[in-house]
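Coordinate analysis (summary)
Listed below are the residues making up each chain.
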Amino acid sequence: MSFRVHGLFMPPNSMVRNSIGYSENIFDGKADQMLKVCEYLEGKGFIPKDLVNNEVKWFYGNLGIDDMYFSLESIETIANHILALYGAKISAYTKNENALDINLERETDEAAVYIHTSRPGVSNVKGPQYEKRIDTQFLDVSSTAKAYRLESYRSLGTVSESMNTQLRCYFVAKCDFVKIDPSPEEETDVRLVGDKTFLEKATDNTLEIYQNVMKTVLQRTGPVIEMFEVEGSRERRLVIGYRQRSTQSFFSAMSDLYHFYELYSTRKYVEQFSNGVTVMSLYLNPLPNSKSAPIEHTIHQVIKEASLIYCLPTTPLQSFFQTGRLSVQEAIYGYVGWIFAQHFLNRLGNEYASLANAMNATDPVHVEVLNKIKKRLRSDTFTREYILEIIKMYPDLIHLLYINFALTHYVNPRAAALDDDELLEKIKKTTSNLHEFMVFESFLIFNKHVLKTNFYQPTKVALSFRLDPTFLPAIEYPTKLFGMFIVIGSEFRGFHLRFRDVARGGIRIIRSRNKESYSINLRTLFDENYALAATQQRKNKDIPEGGSKGTILLDISQQDKDRVAFEKYVDSILDLLIVGNSPGIKEPEILFFGPDEGTANFVDWASAHARARGAAFWKAFTTGKSQSMGGIPHDLYGMTTRSVHQYVLGIYRKFNLKEQNITKFQTGGPDGDLGTIVDGSGVICDQEGIDRSELKRLANSRLMVSQFDESKLSPKGFKVLIDQTNFKLPNGQVIEDGLLFRNNFHLTNMVNADLLVPCGGRPEAVDLTNVNSLLDLHGKPRFKYIVEGANLFFTQEARIRLENAGAIIFKDASANKGGVTSSSLEVLAALALTDEEFAKNMVVKDGVIPQFYQEYIKGVHHIIEKNAELEFECIWKEHRRTNKPRSIISDELSLAIVDLNENMQQSILWQNVPLRKAVLRDAFPQLLLDRLGLDTLLERIPESYVRAIFGSYLASRFVYKYGTQPSQFAFFEFMNPFFAKITDHYS
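Residues numbered from 1 in each chain as written. Predicted model: local features only at pLDDT ≥ 70, side-chain atom pairs only at ≥ 80, totals over all residues. Heavy atoms only, no water.

Under an unreviewed UniProt entry, the name given to the protein chain is NAD-specific glutamate dehydrogenase, and the source organism is Diversispora eburnea. Per UniProt, the protein chain has the following entry under Sequence similarities (unreviewed entry): "Belongs to the Glu/Leu/Phe/Val dehydrogenases family." The UniProt entry for the protein chain carries this comment under Catalytic activity (unreviewed entry): "L-glutamate + NAD(+) + H2O = 2-oxoglutarate + NH4(+) + NADH + H(+)". (UniProt positions renumbered as here; feature names shortened; annotations may be inferred.)

What follows concerns the environment of A474. Inspection of the secondary structure assignment puts A474 in the loop between β11 (463-467) and β12 (483-488). When the C-alpha atoms of A474 and R325 are compared, they prove to be 38 Å apart, with 149 residues separating the residues in sequence. (Helix = DSSP H or I, 4+ residues; strand = E, 2+ residues; numbered from the N terminus.)

Let us now look at helix α18 (residues 434-449). Taking 1.5 Å of rise per residue, 16 residues should cover 22 Å, and α18 covers 22 Å from first to last C-alpha, within 8% of that figure. Looking only at α18, the buried set comprises E436, F437, M438, V439, F440, S442, F443, L444, F446, N447 and H449. If you follow the buried residues of α18, they end up packed against α12 (328-344), α15 (384-393), α16 (395-409), α17 (420-430), β10 (450-453) and β11. The N-terminus of α18 is capped by N433, whose side-chain oxygen sits 3.1 Å from the backbone nitrogen of H435. (Expected span 1.5 Å × (residues − 1). Buried < 20%, exposed > 50% of the residue type's maximum accessible area, 1.4 Å probe, protein only. Contact = heavy atoms within 4.5 Å. Polar contact = N/O pair within 3.5 Å; in protein donor to acceptor, adjacent residues only side chain to side chain.)

Attention now goes to the pattern of salt bridges. According to the stated counting rule, one finds 55 salt bridges in the structure shown. Note that K817 and D542 form a salt bridge whose closest N and O atoms lie 2.7 Å from each other. With K817 in the loop between α28 (812-815) and α29 (818-832) and D542 in the loop between α19 (515-539) and β15 (546-554), this pair connects stretches of sequence that are 275 residues apart. For D542, a relative accessible area of 8% puts it in the buried group. Of the charged contacts in the structure, one is a salt bridge between E659 and R692, with a shortest N-O distance of 4.0 Å. With E659 in the loop between α24 (639-655) and β17 (664-667) and R692 in helix α25 (residues 692-701), this residue pair connects regions lying 33 residues apart in the sequence. (Salt bridge = Lys/Arg side-chain N within 4 Å of Asp/Glu carboxyl O.)

Turning next to helix α21 (residues 603-612). Among the residues making up α21, those that are buried are V603, W605, A606, S607, H609 and A610. On its buried face, α21 sits against α20 (562-577), β16 (592-595) and α22 (618-621). Just downstream of α21, G614 is the residue with a positive phi angle, here 85°.

Right, let's get into the packing of helix α5 (residues 130-139) against helix α9 (residues 250-260). With their axes 7 Å apart at the nearest point, α5 and α9 run at an angle of 155° to one another. With respect to their mutual orientation, α5 and α9 come out roughly antiparallel. For the pair formed by α5 and α9, the contact residues are E131, K132, D135 and L139 on the first element and F250, F251, S252 and S255 on the second. Each residue belonging to the contact of α5 with α9 can be placed in one class, and the counts come to three nonpolar, two polar and three charged. (Axes fitted to C-alpha atoms, helices over the stretch in contact; angles between N-to-C directions. Parallel < 35°, antiparallel > 145°, perpendicular 65-115°, else oblique. Nonpolar A, V, L, I, M, F, W, Y, C, P; charged D, E, K, R; others polar.)

All right, on to the pairing of strand β6 (residues 224-230) then. Most of β6 sits inside the fold, with six of its seven residues counted as buried. With six bridges joining them, β6 and strand β7 (residues 236-243) adopt antiparallel strand pairing. Considered in β7, the bridge of E229 is made with R236. Counting the residues between successive antiparallel strands, the hairpin from β6 to β7 contains five residues, one of them, G232, with a positive phi of roughly 80°. (Pairing = 2+ DSSP bridges.)

This part takes up the packing of α17 against α18. Running from amino to carboxyl end, α17 crosses α18 at an angle of 165°, the nearest separation of the two axes being 9 Å. Judged on the interaxial angle alone, α18 and α17 are roughly antiparallel. Judged by the sense of rotation from one axis to the other, the crossing of α17 with α18 is right-handed. The segment α17 lies against α18, with D420, L423, L424, I427 and K428 engaging F437, F440, E441, L444 and K448. (Left-handed = near helix turned anticlockwise from the far one by under 90°.)

Secondary-structure assignment places H399 in helix α16. In this structure H399 comes out as partly exposed when scored by relative accessible area, which is 31%. If we skip the residues at most four places from it in the chain, H399 touches L326 and E330.

Now for the side chain of S464. Inspection of the secondary structure assignment puts S464 in strand β11. Residue classification places S464 among the buried positions, given a relative accessible area of 0%. A polar contact of 2.7 Å, which involves the side chain of S464, links it to the backbone oxygen of S572.

This brings us to unusual backbone geometry. In the Ramachandran plot, S249 falls in the positive-phi region, its phi being about 55° despite a non-glycine side chain. Mapping S249 onto the fold places it in the loop between β7 and α9. Phi at E262 takes a positive value of approximately 60°, unusual for a residue other than glycine. Tracing the backbone through its elements, the reader meets E262 in the loop between α9 and β8 (263-272).

Turning our eyes to something else, we now look at the nonpolar core. Proteins that are soluble and globular tend to have nonpolar side chains buried together. Within the largest apolar cluster, 100 residues are counted, with the highest numbers of intra-cluster contacts made by M254, F440, F455 and F465. Considering each element in turn, this core owes the most residues, 11 residues, to α12. Among all residues touching F440, those that are not within four sequence positions of it are I390, I391, Y394, L397, I398, L401, I427 and T431. Residues A829, A830, Y953 and I982 belong to the second largest nonpolar core, which totals 79 residues. (Core = buried A, V, L, I, M, F, W, Y, C linked by side-chain atoms within 4.5 Å.)

Put into structure tokens, the structure is as follows:
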């Protein structure tokens, strides 16, 4: 968001009314219409004839309703409105009331008119809530395909001489754009993308203002706010531009905001444009006899806090803000605290810790039981609704906790605050039981652990907080996180977790099919994020980056806002990475994002946006970019496939198997990186073997199995799609629900194969509750060999159960690391090359692939295959030595490498510069060394990243060669060749 202040100057003799930026609505037929309304009312007889003329004249003249109303409404409608107003006045008189409650409305598919009684500067918390209805039915759903504009006016007079009540009118109309589909060159021309009615009414000055606002909106995310002074008046005009459908209920929420500061509006406009931009104009005045600060101060408060409203226009604490019990900052802070409490309130207690200590942590049955108990305790003890109910009981505590928060993160808190101990004591004395105390204690925990935030930044699109993760209980999260972000937007909530300073991982969007699914996803969001990042940490063992992961959970009513949510998530995290954007951000921080479920098409934007925001690390910010952005697409070059296939080839090699004699069952999707018979669209199965050429066609065309040519199936083959019902299989079995069949197909006995390669599916698809479905009647595995292409498809307990039954399993963190290796080398090239070198050597233009790019891909393939082969052989050797399950050995290798990596980075070996360079000559890709030279690489790449390359290379190569229990002389033997290289180099 950006904002500017302007003066709006007028000729000396012009009226303030003409400075509104729109031509005045003048209805030429008003006088004639008024006579006809009088005739109509006299004919009805509900108002005494001698009073009709006065009532109509007052309505048309003294009340001060804008002429737009009279030009739009029929004689009958206007007469009925006058009748309603007259009846309300009679009712108020008989009840001895000095106020009216009028609510009139007319809606069609193309337009709407609403009129209601309105006290200046007061939000309506009861009644029909017309502004919220306008948001929901018209403004929030406006898009370039179908959009609505709004004009709203406050009546200049009152409903009668004795009643100080004004009316507010809202006029909504469907837009008729000059040009519906503008070209990039045309989209900033307000006269081409505007609505025809708007263009007729707007002054040249307004057109110029809106065009400038539009240009800024199209260049960045978030709202753009400009303020104009009206000369000779205390009135101020706010012009706010933002992208369509990028926020909800913003129009009504802005009313609540300026009412809080004792301002009221005389008129309001919302205009839509066919380039996807919305522009709102608000004409604000201070309330008469207002005791608040001068309008210069209050209007700037509105401008500053508009970005908070844009981020979170409505929350369950909105009523406290509307009634003045809490400020907008306090209400939104309370909402953030509610979300934090949902995920991190300590709900397990000492009893769980005692139970966990009493159980055998190495017994998979015990571990699974503990996990079930943990999930049940979390969901049953403190529900979202229960936490919110407690929070709403104590708005004064929210106020005190907010001041405590503001003292750290805002340069000028509005009031003195209690220190932490005093605040904790205040919470104890105020709350009435332990549960209430625990809820508000979690707010204080949040305050203590927020390291930086964009809460007070005026240019935000969602709220982001960088937290110190040390508050996480070790009994639940045994591996300590290095960094933790929580992001909250109007469409989503999300996390980003990492286990090292230098870390990389994908950003995943999580959707929910229904409210029950959303509730489950909400409860498990953080734990799933933690588990995915931990898997990434184990998988990243032989690359410089540690493990990280990001998750974005779409709100149940925002399932179509994946792109909007992703952009807000990225932009708000960038707020905390780039120095100079948010108050208090003094140290730069670098994160590396990658694609994951639902975000593969968005990573190009993220990299380009980081560049637009001035991030020096923009080229390396995201991996998995398109080739036109210098990325290395995993699917195009089969990066994940290469590592998975090395494990499959290793199994063939060890057991002297031939591929043509092997039956194979694979989940995933031909539109992904790995090819399949089960994917998001359904199942194809053929006991005679699936036609290989048809599978290749689907994979090359990025098509799902729904597009599989059924004529290629044998008489025993079938294709079942998720939307099919009562489908009859060749064996006569009827499938009632295609979706349920797809979800559980891997658990059915329809498929028995030598090799299972799961490459897609939700986490924990196989756990202790269903793992027996993968065993036959004799307790033998239905699949002899399993190579995990998908992350977390099996729980560790299920893997061990299958291994004990005789299956040979290579888990995800070992088998599918080809993708992360490719991404790591993509990051390295981005860090090593200048912008000019990167554009020349890594960017594919018009289908022309640079020679350097082609050679670099070959080098990536070689490194992936070599790393996979080294780890496979190490796991095989360690299993023969210890007879431990391979799944456990894989984890032990990861832990050994990660620990040794940290030690190597901090050891005296790193301080030995000649040795450091000898190691790095082996660790860097040969192509980069040949093209740039080691010294240039060391100058350009951040030292923290180089140190990580040094540590990960030594640690992984040593452990792969000597295992997890090396002899005391092994490391000396391992380092000898590097010392020899130093001697050779200097001799």
